[in-house]
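Read off the chains here:
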Amino acid sequence: MIPANPRVCVMSGGDEVRYRSYINHSVYARIHGFTYHIGIGLGPAVMSPYYYKFNAILEILPAFEWVLYLDDDVYVTDLDSASIELLVAHAEEHDEFLVLSEGPEEPDGTWTRVNSGVMLVRRDERSFELLRAARDADLGAIRDNWSEADEGLFTNGDQDAVWRAIRDGDLLDKGVRVVGHRDLNSREHYYRESLADAFAVHFCGPGDKRLKVAEFGRRFGLGQELVPRAQMELFSVRRQEHMSDAESLRRRVDLVRAAVQKRVRRKIDFVATHRRWR
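Our subject in this report is the structure included herewith. (Residues numbered from 1 in each chain as written. Predicted model: local features only at pLDDT ≥ 70, side-chain atom pairs only at ≥ 80, totals over all residues. Heavy atoms only, no water.)

## Let's talk about the sheet that holds strand β1 (residues 8–14)
And then number 1: Strand order in the open sheet formed by 6 strands is β2-β1-β3-β6-β5-β7, with mixed pairing between adjacent strands. One side of each edge strand has no neighbouring strand; the edge strands of this open sheet are β2 (35–40) and β7 (176–179). Within this sheet the neighbouring strands show an average axis-to-axis angle of 30°, counted without direction.
And then number 2: In terms of strand pairing, strand β5 (residues 98–103) meets strand β6 (residues 112–122) through 5 bridges, oriented antiparallel. From the neighbouring strand, Val-99 faces β6, where its bridge partner is Leu-120.
And then number 3: Against the sheet, helix α3 (residues 83–93) engages β3 (66–70), β5, β6 and β7, with an angle of about 85° to β6.
And then number 4: Most of the contacts of helix α7 (residues 158–168) go to β6, to which it runs at about 80°, and overall it touches β5, β6 and β7. (Pairing = 2+ DSSP bridges. Helix = DSSP H or I, 4+ residues; strand = E, 2+ residues; numbered from the N terminus. Axes fitted to C-alpha atoms, helices over the stretch in contact; angles between N-to-C directions. Contact = heavy atoms within 4.5 Å.)

## Looking at a nonpolar patch on the surface
And then number 1: A surface patch of nonpolar side chains, about 410 Å² in accessible area, is lined by Val-17, Tyr-22, Ile-38, Ile-40 and Leu-42.
And then number 2: Mapped onto the secondary structure, Ile-40 falls in strand β2.
And then number 3: Judged by its relative accessible area of 34%, Ile-40 falls in the partly exposed class. (Patch = residues over 30% accessible without salt bridge, like charges linked within 9 Å, V, L, I, M, F, W, Y side chains within 5 Å. Areas by Shrake-Rupley, 256 points an atom, 1.4 Å probe, with all protein chains shown as cover. Salt bridge = Lys/Arg side-chain N within 4 Å of Asp/Glu carboxyl O. Buried < 20%, exposed > 50% of the residue type's maximum accessible area, 1.4 Å probe, protein only.)

## Points about the side chain of His-202
And then number 1: When you line up the elements, His-202 lands in strand β8 (residues 200–202).
And then number 2: His-202 sits in the buried class, given a relative accessible area of 3%.

## Here we look at the packing of helix α4 (residues 125–135) against α7
And then number 1: Two elements in contact, α4 and α7, have axes separated by 8 Å at closest approach and are oriented at 130°. What the angle tells us is that α4 and α7 run oblique. The two elements α4 and α7 meet at a crossing, and its hand is right-handed. Side by side, α4 and α7 meet where Leu-130, Ala-133 and Ala-134 of the first sit next to Ala-161, Val-162, Ala-165 and Ile-166 of the second.
And then number 2: The class makeup of the residues in the contact of α4 with α7 is 7 nonpolar, no polar and no charged. (Parallel < 35°, antiparallel > 145°, perpendicular 65-115°, else oblique. Left-handed = near helix turned anticlockwise from the far one by under 90°. Nonpolar A, V, L, I, M, F, W, Y, C, P; charged D, E, K, R; others polar.)

## Structural notes on the pattern of salt bridges
Should their charged atoms come close, side chains of opposite charge can pair.
And then number 1: A complete count under the given rule lists 24 salt bridges for this structure.
And then number 2: A salt bridge links Arg-250 to Asp-254, with the nearest nitrogen and oxygen atoms 3.1 Å apart. Placement of the pair is Arg-250 and Asp-254 together in helix α11 (residues 245–274), with a separation of 4 residues, close to one helical turn.
And then number 3: We classify Arg-250 as partly exposed; its relative accessible area is 43%.
And then number 4: Put simply, Asp-208, Glu-247, Arg-250, Arg-251, Asp-254 and Arg-257 are held in one network by salt bridges that share partners.

## Focus on the environment of Leu-98
And then number 1: By the element assignment, Leu-98 lies in strand β5.
And then number 2: C-alpha separation for the pair Leu-98 and Leu-87, spaced 11 residues apart in sequence, amounts to 10 Å.
And then number 3: When neighbours within four sequence positions are excluded, Leu-98 is seen to be in contact with Met-119, Leu-120, Val-121, Leu-130, Ile-166, Gly-175, Val-176 and Arg-177.

Take it as geometry only, folks, not as evidence of what the structure does.
Below, the structure written as structure tokens:
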């Protein structure tokens with residue numbers, strides 16, 4: 001472990017604690033000497049479940065020079081990586097207040113300009129202004145003039161608001177840096193040989209996230225925390241959670257059943273509307 005660096009706080013959360021990712025985040029923070037904090041960003045008039053993060057970050061940011069925010073479905077895989085230290089150093093040298101990654105191409109071909117599931121945020125008035133602008137944005141108004149050709153997939157969430165705050169404020173490369181997904185916020189299909197293939201994996205989007213974590217973990221011999229046993233033991237984590245083969249099978253069957261039911265409902269609605277089968 002390196003000496004404590006109280007300038008940086010690693011935080012995650014939302015409106016509840018859902019996954020074992022908090023173990024992953026806490027272990028990562030302790031390896032690097034960062035502070036760790038779970039933030040429950042409750043507050044009035046939260047327009048979307050994705051928006052709790054804005055309150056959580058705004059609440060803790062005044063206490064630290066930098067906050068590394070991680071969604072609760074993000075897991076740091078390269079636990080020894082100095083990626084964050086390097087990004088902080090670059091940001092301070094170039095007067096950057098926000099670092100986040102591109103939204104990489106998904107298996108279905110969709111992409112986004114940014115992904116706000118991992119954000120490195122500086123204690124800077126520009127950060128507070130951007131976070132408040134995103135929090136107060138009307139997603140309906142954003143959706144009405146969204147261009148998928150230029151802006152990628154509209155996700156109906158916080159990252160659409162974050163991207164528009166960046167774009168409308170003309171902040172790209174003017175205080176805001178967008179890095180490659182492997183540096184900050186990648187996906188499971190980009191991992192080939194090693195957990196060091198990227199800094200962090202993000203199980204974003206719909207689907208059974210616990211199952212996704214379990215299947216990814218099996219590839220590398222890990223439990224639901226995605227932390228190697230040696231590092232679990234180093235920090236006295238005595239229980240490693242694993243999903244049984246039987247539960248994995250049940251969850252996969254449930255996903256297939258839900259997909260079939262969705263297609264049937266769509267067909268029923270189509271027939272009812274158009275009075276024909278095709």
